[in-house]
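# Descriptive structure summary
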Amino acid sequence: MIFAPFAKLETAPPDPILGLTDAFRADPNPDKINLGVGVYLNDDGANTVLKAVKQAEKILLEEETTKNYLPIQGEPAFGKLTQTMLFGEGHPVLVQGRAASLQTPGGTGALRLGGDFLKAHFPGAVVWISDPTWPNHRGVFQAAGLKVATYPYYDPATSAL
């Protein structure tokens, strides 16, 4: 029995991105690559933890000295290293202090933080999202009070971008 306040809720529509995963599974091509979900799967289709991740977790566990909160922007050293990795050592964007980094609670959390920022500083902004995209993307930006438009990036008729 469904708790009364939730009885009127409707099931969300099928996820078109996850539908791509279903199509991937049905494709008999042995050289196929699934680029839809964004997680690493081994040859058996299992989402395993890479050895490098396990080693990093062990180092973090052994070397951590606190369970205190991080600063609001996240770990500053991580942000700086990420910027260097993305732009390259000595890039003008870094030298001129034009890059900023912050950590977020996952991808959807990042979108919402970005949406709130855009609404606060560029209230007339239109956010363009790909079609298809994750079903929650439109709702995240609309909940932030932004207009959302879409652009196609895949043509199923030609199987091309």
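Our subject in this report is the structure included herewith. (Residues numbered from 1 in each chain as written. Predicted model: local features only at pLDDT ≥ 70, side-chain atom pairs only at ≥ 80, totals over all residues. Heavy atoms only, no water.)

## Regarding the pattern of salt bridges
Within this structure, the stated rule accounts for three salt bridges. The shortest N-O distance in the salt bridge between Glu-64 and Lys-67 comes to 2.9 Å. In this structure, the salt-bridge partner of Asp-116 is Arg-112, at a minimum N-O distance of 2.8 Å. In this pair, Asp-116 and Arg-112 are both assigned in helix α5 (residues 106–121), four residues apart and thus about one turn of the helix distant. What makes Asp-116 partly exposed here is its relative accessible area of 34%. (Salt bridge = Lys/Arg side-chain N within 4 Å of Asp/Glu carboxyl O. Helix = DSSP H or I, 4+ residues; strand = E, 2+ residues; numbered from the N terminus. Buried < 20%, exposed > 50% of the residue type's maximum accessible area, 1.4 Å probe, protein only.)

## What to know about the packing of α5 against helix α6 (residues 135–143)
In the contact formed by α5 and α6, the axes pass within 8 Å of each other and the chain directions differ by 30°. Here α5 is positioned roughly parallel relative to α6, judged by the angle of their axes. The way α5 lies across α6 gives a crossing that is right-handed. Here α5 contributes Thr-108, Leu-111, Arg-112 and Gly-115 to the contact with α6, which in turn contributes Asn-136, His-137, Val-140, Phe-141 and Ala-143. (Axes fitted to C-alpha atoms, helices over the stretch in contact; angles between N-to-C directions. Parallel < 35°, antiparallel > 145°, perpendicular 65-115°, else oblique. Left-handed = near helix turned anticlockwise from the far one by under 90°. Contact = heavy atoms within 4.5 Å.)

## Looking at the pairing of strand β2 (residues 147–152)
Pairing geometry for strand β1 (residues 126–131) and β2, over six bridges, is parallel. Within β2, the position partnered with Ile-129 by the bridge is Thr-150. Read as a crossover between parallel neighbours, the route from β1 over α6 to β2 is right-handed. (Pairing = 2+ DSSP bridges. Right-handed = clockwise from strand over helix to strand, strands pointing away.)

These results come straight from atomic positions and should not be treated as a statement about function.
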